[in-house]
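Structure assessment
What follows is each chain in one-letter form.
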Amino acid sequence: MRVKYVLNEVLVGLWRNVTMTIAMIITMSVSLTMLGASVLLYMQVDLMKDAYYGNIQVSIFLNDGITDGEKAAIDQAITNSSLVADKAFETKADALKRFQTLWADSPDFVNAINAESLPESYRVRLKNPENYDSFAKEIEKLPGIKQIIDQSDILEEVFDIFNSIQLASLIVAGFMAVAALLLVGNTIQVAAYSKRREVAVMKLVGASNWFIQAPFVLEAVVAGLIGAILGFVALFIAKVVLLDGKLQALATILTPIPNGNVVLMLPLLAGVGALVSAVTAWVTLRFYLKV
């Protein structure tokens with residue numbers, strides 16, 4: 001009987017303040033969507049680091065006037081290095097083919113470059129990309145080397161951008177979370193005020209604190225769960241429509257987001273939404289109803 005009463009009061013309370021309930025759900029869903037996007041981005045950056053760092057190459061560009069002896073010494077030094085996993089030599093012709101592939105959409109630019117304009121180079125993959133500095137010190141003083149470039153430096157700049165986006169989304173989610181908390185507290189306070197006489201009667205007849213608070217707390221939890229579901233739906237639609245659809249070409253740059261990671265957001269958002277809503281409602285009632 002008590003459970004039935006509590007559930008009935010929850011439905012009545014949600015409907016009684018329907019406009020504020022809708023506003024609370026929308027605010028909560030936006031906040032949780034931003035939170036879910038931030039968590040997905042965090043997980044994705046880790047996946048991209050694992051994928052890209054495993055294929056990092058060190059590019060060793062050679063001088064145009066390099067002699068055969070100098071080239072042989074460089075090749076021998078790379079081969080004998082215990083830090084190297086494998087190497088490949090790129091001729092001027094190979095460099096031109098790579099250049100033409102990379103800039104295929106700019107034919108005028110491609111036509112302005114010939115093989116003699118590009119240097120020969122070695123493409124070296126290290127066993128551990130973090131050993132780049134040690135490897136560079138081994139060979140940088142050899143004659144004939146024009147420049148040594150580590151791709152991890154470029155990747156670090158890219159990941160710094162992703163980390164900045166991640167931080168920005170977390171900040172936005174934080175602001176939205178504060179707005180959601182204030183709205184939840186205000187909604188619960190209005191609901192408690194509209195039932196102040198009923199609450200006073202229940203306290204006089206000896207109703208327990210849990211029995212009085214339960215309908216209000218559950219109202220907030222239901223709103224939080226609905227907001228979490230809407231947030232999850234928004235993330236899933238964005239993943240299917242944008243990343244798997246219109247922006248699928250970015251898969252050559254960004255590693256695909258696994259569906260399992262997106263599905264994992266549902267229990268995460270539901271848990272956060274329900275917990276935050278329940279705690280906010282309980283704290284509000286403690287101050288307002290003095291129970």
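The structure we're discussing is the one just above.
Quick caveat: nothing in here was measured; it's all calculated off a predicted structure.

**Remarks on the nonpolar core**
- One finds L40, V184, I188, V217, M265 and L269 to be the most contacted residues of the largest nonpolar core, which totals 25 residues.
- When residues of this core are traced back to their parent elements, those giving at least two are α2 (18-53), α7 (151-194), α9 (209-246) and α10 (259-288).
- Not counting chain neighbours up to four residues away, the residues in contact with I188 comprise F216, A220, A281, T284 and L285.
- Ranked by size, the runner-up nonpolar core spans 17 residues in total, among them I78, V124, Y132 and I148.

**Regarding the pairing of strand β1 (residues 58-62)**
- Counting buried residues along β1, five of its five residues qualify, which places the element largely inside the surrounding structure.
- Residues V58, I60 and L62 point to one face of β1 and S59 and F61 to the other, with burial holding for every one of them.
- Alignment of β1 against strand β3 (residues 121-126), held across four bridges, turns out to be antiparallel. Considered in β3, the bridge of V58 is made with V124.

**A few points about the packing of aromatic side chains**
- Applying the stated criterion across every chain yields a total of two aromatic pairs.
- Ring centres of F232 and F236 lie 6.2 Å apart, and the angle between their planes is 35 degrees; this geometry places the pair in the tilted category. Taken together, the positions of F232 and F236, both in helix α9 and four residues apart, correspond to about one turn of that helix.
- Residue F236 is classed as partly exposed on the basis of its relative accessible area of 36%.

How each quantity is defined
Residues numbered from 1 in each chain as written. Predicted model: local features only at pLDDT ≥ 70, side-chain atom pairs only at ≥ 80, totals over all residues. Heavy atoms only, no water. Core = buried A, V, L, I, M, F, W, Y, C linked by side-chain atoms within 4.5 Å. Buried < 20%, exposed > 50% of the residue type's maximum accessible area, 1.4 Å probe, protein only. Helix = DSSP H or I, 4+ residues; strand = E, 2+ residues; numbered from the N terminus. Contact = heavy atoms within 4.5 Å. Pairing = 2+ DSSP bridges. Phe/Tyr/Trp six-rings, centres within 6.5 Å; stacked < 30°, edge-to-face > 60°.

That's the geometry; what it means functionally is another story.
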